[in-house]
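The primary structure of each chain is shown beneath.
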Amino acid sequence: GGAGSIGYRYDFQKEEAYKNLLRTHTTAISSQMLYKLANREGDFQPARYFSIDRVFRNETMDATHLCEFHQVEGLVADYDLSLGDLIGTIETFFKKIGITQLRFKPAFNPYTEPSMEVFGYHPILKKWTEIGNSGMFRPEMLRPMGLPENVRVIAWGLSLERPTMIKYKIDNIRDLFGHKVEMARTKTAPVCRF
Amino acid sequence: IIKVERFGCGELVEVLNKMPTVGVEKDLLFTHLGKTYTDHEFDELCFEFGIELDDVTSEREDAIKASAGALSKKQLESFSDAIVYKIDVPANRYDLLCVEGLVRSLKIFLGDMDAPVYKVVGEPKETMTVQKSNTDKIRPFVVCAVLRDISFTQERYDSFIELQDQLHRNLCRQRTLVAIGTHDYDTVKGPFAYDARDPTKIEFVPLTPDDKSFNGIDLMTHYETEPTCKHLKPYVPIIKDSLVYPVILDSEETVLSLPPIINGSKSKITLDTKNVFIECTATDLTKAHIVLDTVVAMFSEYCSEPYSVEPVQVNYVDEGGKVVNSMVTPLMATRRERAPVAFCNSLIGISISPEEMKTLCNKVQLGPAELMENDTILEVTVPPTRSDILHPVDIAEDVGIAFGYNNIKKKVPRTCTVGAEQPLNHLGDLLREEIGRAGYIEVLTHGLCSIRDNFTALRRPVTPAVSLSNPANIEYQIVRTTLLPGLLKTLQHNKSASFTSGFKIFEISDIILADDKHVVTETIVGAKNRRKICAVYSGPTSGFEIIHGLVDRIMTLCEVAPEQAYVANSAKGPEEKYRVSREGWVYTISELPPEDTLAGTYFPGRAAAVLLTSPDGGEKIQIGTFGIIHPEVLKNFDILYPSSCVEIDLESLL
C-alpha cells in the first residue's frame, strides 16, 4: 500500500527482502541510484541514467541462454513525463542501433505501470520481433524514495546478447561470451556500425 | 568438503514474472468470439489488447516435441491435430487464464458485448465451520461458493480443470498460498467443516487412486513413491511434516478433500454435475478471495442464471465452539475507484475529453464509469475480475490501452542533461584500447565458477568468497574473486590458435570479494565488486619480461611514476624526462613474498608484487601481482606452453 494504492495486502517479511541474491536485472541498482538522486544535497534534479552490466538468472540453459548475461538499461527522471515521452525516447534509442520501425504492446511488470513491450522490424531478421521492455515506475516504488510527487521515471531495457547475436549472425551464446569463444571470431570481427 | 566462509549467500532467483501461457483451440475460440480471424489478424488484435499469440500448434505437435523418441502412428492418432493457439497473458491478469475469460475480455474490448454484472444471489444457504485453533497451525483460511444449475460439456469441464491448474501454478504459488477444491454438491451433505487433524486418524478415498481408503501418512508416502502419481509429489512437502493435515469434511464426517494435495473421489465432478461447491483453503486470505472470485466469475457464465453465485457462510470457531470470526463468501466485490482526468491524460501523454475517457473505460472492463466534480475526476467500476487495479496509475494505463498505445503522439523529455561515463568505466575503456594496441586480445568471461577453478587449480588457499546456495552445477559454486581462471580456460579452449609467436589475452572486469563493511543505501550487503585488469602471455618462452612491460605500460598510462630506485635499474632511463604523472603517485615492483596467498600460482622466485603509493594511501599497498605461472597450474588448465600473467586492481589507479 502507500502512495494512494490498495497494495498487495499481505504480511511483508523483512527477512525475505534482506536475503542476498545476484541481481536478476540492473533495475535493482538503478533504483538505488534513484534513491540517491532523491536524497542528494541540493535536492532532486532531473537526470538521465544508463547502465550496461551483468545480471544472473536461474534460466533453463540452451543455445541462447546462459545463467549470466548483460542488460542495457536507460531511465529518465523528470517532472510530468508521460508514456509519449517514453515512446519517443525509445524510438530515438533504437534508431541509433538501426531499428526504425517500432510498435508498442501493453505489458506487465510488477514495478511499472503503464508498461510496454517494444517490438521492432528487424532489418536483418526481416520480421517483427520483441526488442525490449519498458515502463513508468509505480508510485509505490518512487514515493518511499522521497522523489517529489510530480516526478515520473520512465525506463526501458533490453539484453545485450540478443541484438549482438542477431547482428553478427551468432547462433550460440557461448560463441559470444565466455571462455569458449573462438579467438578466430574475435580476430575477424569488424568495427561496429549501424 | 571445503569450508568456504559465507558472507551472505548469493542465490540465483527464478524469474517470477514468467508470462502464463493459455492454450486455446482455435475453432473453439472463434466460435465463442463469434468471428473468424486469420492468424495475422488475431495476432494484431492480441497485440493491441496486451496479450501475445506466442505459438500456433496442436496437441499432436506438442506431443511430438515433448517426446524423446519417435511416436508410433497409433500414439500420434491419440492426440488431436486441431489447431491450438498458445497465448501469453500478463502475470497479473487472472481473468485471462481460461478461454472463457479471454473471450469475454476480447469481446468487451471490441465492443461486441457489455461487461457482465456479477451477482451474489440471496443469503447464504450453506455453512462452512472452521476449527480455527487447528487450521491456524497449517493452513488458516478457507473461502467458499456454490455455483447453481451449471451445465458442463467436455470442453467446459476441461477448461474448468485447466483454470484451476493455471491459478495453482501462478497466483497460488504452486498451491502453497491457495488451493482450490471443487465438489459435486449433490453427492455431499452440508453443513461443511474445515479442520486440521492428526494424519494417522484421517481416512480418505482420493480422486486417484480411488479404489481404496488411505490414512494421511500412507497417502503422502503413496504420492511420493508411486510413479503414476508423480504430478502430485511436489505438493506433498507442503503438509507432510505437519502434526495436523488440513481436511474438508461434510456433515457425515466424510473427508471431501485433503488440501492442497487432492480432492476426494466421493464428490468428484462429472459432466452430469449440476451444482458445484467450491472451497479454497489458503495461507493468504487476500489471494484466496481473488482465486475464488476468479473461478466463480469465469464459470458462472454456464449457470442457468449467468454470472450469478450463491454465497456460503464461513464461521471460524475456537476450541469451545464459539464463533470468533465470520464472513460471507465469495466477496465478488465490485469497487469504485477514482483517478483525476488530467492525471490520466498527463501520464499517458494524450489529451482526450472526459467524455471520451469515460467511454473508453467500457472497452477495458472498467465501465460503467462516471465523471465527478465538474468532469475532473473519473470514477470507474472495478469488477472482481480486475484485481490488478491497485492505484490510479492502473486506471490510467487501461485508458491508454483503450486509446491504443500506437496512437499516442511521441515526444521527448524536455530537460537537457549532460551525459558521461562513470570514471572507473571511462578509465577501463581507455586502457582496453591501449592494451589492445599492445597486441592483447580482449576476452569476456563468466563471473560464476567452481571453487576448484578459482582457488585449488591456481594453487591458492580457499579464502572468503560469495557462494551460491543450491548451485545447479559445480560451475556455479561461487562468484569469482580473480579474473585469472577465465583467461586460463580461454587458453585451454583455444588450442588451435597460434602460440608460436606468443598468445596474449586480457580482460578488464569485476570480481566480487566478501566484505562485511560495504554499505549501499543503508544495508550491509556483505560483498563488494572490484574492477581488475588481468592479462596472460603464453608462448614458446614464459614471457615474464613481456608481462612486466605491460605492467610498466599500464602505470605510465595511468600517470603513476616509477620510484627512483626502480628507474635506475631500467633501460628506459632516458625516456623518463618526458614522463607525466600525478603528484604523489608512485609505484615499484618487488619480489612477492612466498607466504602471500597468491604466491602459489607463480613459479617460485619468479613472482612480483606491484606496490603503489598514493597521496591518500600514504604507505605502499600491494595492488597486484605478476610472474611466471607455475607448471602445475598450467597442467590444471591443460595449457601446453610456458605462460606469465598479471592481475592488478584497477580501482586503486583511479
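Residues numbered from 1 in each chain as written. Chains lettered and ligands numbered in written order. Predicted model: local features only at pLDDT ≥ 70, side-chain atom pairs only at ≥ 80, totals over all residues. Heavy atoms only, no water.

1. Focus: the overall build of chain A
Of the regular secondary structure elements, chain A holds six helices and six strands. Start at the N end of chain A and walk to the C end: the helices and strands fall as α-α-β-β-α-β-β-β-α-β-α-α. Within chain A, contacts between residues at least 6 apart in sequence are counted, and of these 59% link residues at least 24 apart. Within the structure as shown, chain A displays about 9700 Å² of accessible surface, and the carbon and sulfur contribution to it stands at 53%. In chain A, which carries 26 positive and 23 negative side-chain charges, the distance between the mean positions of the two groups comes to 7 Å. (Helix = DSSP H or I, 4+ residues; strand = E, 2+ residues; numbered from the N terminus. Contact = heavy atoms within 4.5 Å. Areas by Shrake-Rupley, 256 points an atom, 1.4 Å probe, with all protein chains shown as cover. Lys, Arg positive; Asp, Glu negative; His and termini not counted. Charge placed at Lys NZ, Arg CZ, Asp CG, Glu CD.)

2. Comments concerning the state of the cysteines
For the coordinates displayed, the defined rule picks out zero disulfides over all chains. Considering cysteine sulfurs only, Cys449(B) is the nearest to Cys67(A), which forms no disulfide, with 11 Å between them. Looking at Cys361(B), it has no disulfide partner, and the nearest cysteine sulfur is the one in Cys344(B), 7.7 Å off. For Cys361(B), a relative accessible area of 1% translates into the label buried. (Disulfide = S-S within 2.5 Å. Buried < 20%, exposed > 50% of the residue type's maximum accessible area, 1.4 Å probe, protein only.)

3. Points about a nonpolar patch on the surface
Taken together, the side chains of Tyr8(A), Tyr10(A) and Phe12(A) define a hydrophobic patch exposed on the protein surface, amounting to about 380 Å² of accessible area. Position of Tyr8(A) relative to the elements: it lies in the segment before α1 (14-17). (Patch = residues over 30% accessible without salt bridge, like charges linked within 9 Å, V, L, I, M, F, W, Y side chains within 5 Å. Salt bridge = Lys/Arg side-chain N within 4 Å of Asp/Glu carboxyl O.)

4. A word on the interface of chain A and chain B
With 71 residues of chain A in contact, the opposing surface of chain B contributes 77 residues. Both sides together, the interface formed by chain A and chain B hides about 6300 Å², and carbon and sulfur atoms give 59% of it. A salt bridge links Glu91(A) to Lys410(B); the nearest nitrogen and oxygen atoms lie 3.4 Å apart. No other element matches the eight residues that helix α3 (residues 83-96) of chain A contributes to the side of chain A that touches chain B. Here the residues of the side of chain A that touches chain B are counted per class, giving 33 nonpolar, 17 polar and 21 charged. (Buried area = accessible area lost by both parts, 1.4 Å probe. Nonpolar A, V, L, I, M, F, W, Y, C, P; charged D, E, K, R; others polar.)

5. So, the nonpolar core
Residue and element names in this part refer to chain B. Core analysis: the biggest nonpolar cluster contains 101 residues, and Phe42 and Leu378 have the highest contact counts within it. Looking at this core, the element that brings in the most residues is helix α10 (residues 285-299), giving nine residues. Among all residues touching Phe42, those that are not within four sequence positions of it are Leu29, Phe30, Leu33, Tyr37, Leu53, Tyr85, Ile87 and Leu106. If you look at the next biggest cluster of nonpolar residues, it comprises 30 residues, including Ile554, Ile589, Leu612 and Ile648. (Core = buried A, V, L, I, M, F, W, Y, C linked by side-chain atoms within 4.5 Å.)

6. Things to note about the packing of helix α14 (residues 423-437) of chain B against helix α17 (residues 544-557) of chain B
Residue and element names in this part refer to chain B. Taken N-terminus to C-terminus, the directions of α14 and α17 make an angle of 140°; their axes are 11 Å apart at the nearest point. When the interaxial angle is binned, α14 and α17 end up oblique. By crossing handedness, the relation of α14 to α17 is classed as right-handed. Residue-level contacts link Leu431, Glu434 and Ile435 of α14 to Leu550, Arg553, Ile554 and Leu557 of α17. Among the residues forming the contact of α14 with α17, the class breakdown is five nonpolar, no polar and two charged. (Axes fitted to C-alpha atoms, helices over the stretch in contact; angles between N-to-C directions. Parallel < 35°, antiparallel > 145°, perpendicular 65-115°, else oblique. Left-handed = near helix turned anticlockwise from the far one by under 90°.)

7. Comments concerning the packing of helix α7 (residues 154-169) of chain B against α10(B)
All names here are of chain B. Put simply, α7 and α10 touch, their axes get as near as 11 Å, and they point 160° apart. The orientation of α7 with respect to α10, classified from their angle, is roughly antiparallel. Of the two possible hands of crossing, α7 and α10 adopt the one that is right-handed. Two secondary-structure elements touch here, α7 through Arg156, Ser159, Phe160, Leu163 and Leu167 and α10 through Val291, Thr294, Val295, Met298 and Phe299.

8. Here we look at the sheet that holds strand β22 (residues 441-442) of chain B
Residue and element names in this part refer to chain B. Spatial ordering of the open sheet is given by β22-β26-β29-β34-β33-β32-β31-β30, a layout of eight strands whose pairing is mixed. Edge positions in the sheet fall to β22 and β30 (561-562), since each has one partner strand and no second. Across twelve bridges, strand β26 (residues 503-514) lies against strand β29 (residues 527-538) in antiparallel orientation. Bridge pairing links Ile505 to Val536 in β29. Across the sheet, helix α16 (residues 484-492) is in contact with β26, β29, β33 (621-629) and β34 (643-649); its angle to β29 comes to roughly 35°. (Pairing = 2+ DSSP bridges.)

9. As for the pattern of salt bridges
All names here are of chain A. Applying the stated criterion across every chain yields a total of 50 salt bridges over all chains. The partner of Arg138 in a salt bridge is Glu140, with the nearest N and O atoms 3.1 Å apart. The class of Arg138 is buried, set by a relative accessible area of 5%.

10. Digging into helix α2 (residues 39-49) of chain B
Buried within α2(B) we find Phe42(B), Leu45(B), Cys46(B), Phe47(B) and Phe49(B). Residue Gly50(B) follows α2(B) closely and has a positive phi angle near 115°.

11. Topic: the sheet that holds strand β4 (residues 112-122) of chain A
Residues and elements named next belong to chain A. Strand order across the open sheet formed by six strands is β1-β2-β6-β5-β4-β3, with antiparallel pairing between neighbours. On the outer flanks of this sheet lie β1 (47-56) and β3 (102-106), each paired with one strand and no other. On average, adjacent strands in this sheet sit at an angle of 25° to one another, irrespective of strand direction. Where β3 and β4 come together, five bridges link them in antiparallel fashion. Looking at the pairing, Pro106 lines up with Met116 of β4. Those strands touched by helix α2 (residues 27-39) are β1, β2 (68-79), β5 (127-137) and β6 (151-159), and its axis lies near 30° from that of β2.

12. Section: the side chain of Glu379(B)
Residue and element names in this part refer to chain B. Summarising the element assignment, Glu379 is placed in strand β21 (residues 377-382). Looking at Glu379, its side chain comes within polar contact range of the side chain of Arg336, at 2.9 Å. Within polar-contact distance, the side chain of Glu379 engages the side chain of Arg338 at 3.1 Å. Residues contacting Glu379, with those up to four places away along its chain left out, are Arg336, Glu337, Arg338, Pro368, Ala369, Glu370 and Met372. (Polar contact = N/O pair within 3.5 Å; in protein donor to acceptor, adjacent residues only side chain to side chain.)

13. Things to note about the pairing of β21(B)
All names here are of chain B. In terms of burial, β21 is a largely internal element, six of the six residues being buried. In β21, alternate side chains face the same way, and those of Ile377, Glu379 and Thr381 on one face and Leu378, Val380 and Val382 on the other are all buried. Note that strand β19 (residues 335-340) and β21 share six bridges and pair antiparallel. By the bridge assignment for β21, Arg336 is matched with Thr381. From the end of strand β20 (residues 370-372) to the start of β21, which pair antiparallel, there are four residues, and Glu373 there has a positive phi angle of about 45°.

14. Here's the deal with the environment of Val188(B)
Residue and element names in this part refer to chain B. On the secondary structure map, Val188 appears in the loop between β8 (178-184) and β9 (192-197). When the C-alpha positions of Val188 and Val567 are compared, they lie 95 Å apart, and in sequence the two are 379 residues distant. Leave out the neighbours within four places in its chain, and Val188 touches Asp250, Leu256, Lys266 and Ser267.

15. Describing the pairing of β8(B)
Residues and elements named next belong to chain B. Burial analysis of β8 places seven of its seven residues in the buried class, the great majority of the element. Burial along β8 is two-sided: the residues Val178, Ile180, Thr182 and Asp184 and Ala179, Gly181 and His183 are all buried. Direction of pairing for β8 relative to strand β15 (residues 276-282): antiparallel, over a ladder of seven bridges. Note on β15: the bridge partner recorded for Val178 is Ala282.

16. Comments concerning the confidence of the model for chain B
Residues and elements named next belong to chain B. For chain B, the mean per-residue pLDDT works out to 91, and 96% of the residues sit at or above 70. Taken element by element, chain B is modelled with least confidence in strand β1 (residues 9-10), mean pLDDT 25, and with most confidence in β34, mean pLDDT 98. Considering only residues more than four positions removed or in separate chains, one finds that residues 1-17, a stretch of pLDDT under 50, has 50 contacts. Here the complex is predicted with pTM 0.88, and the ipTM for its interfaces comes to 0.93. (pLDDT = per-residue confidence, 0-100.)

17. With respect to a negative patch on the surface
Residues and elements named next belong to chain B. Taken together, the side chains of Glu25, Asp27, Glu59, Glu155 and Asp158 make up a negatively charged region of the molecular surface. Its location among the elements puts Glu155 in helix α7. For Glu155, a relative accessible area of 48% corresponds to the partly exposed category.

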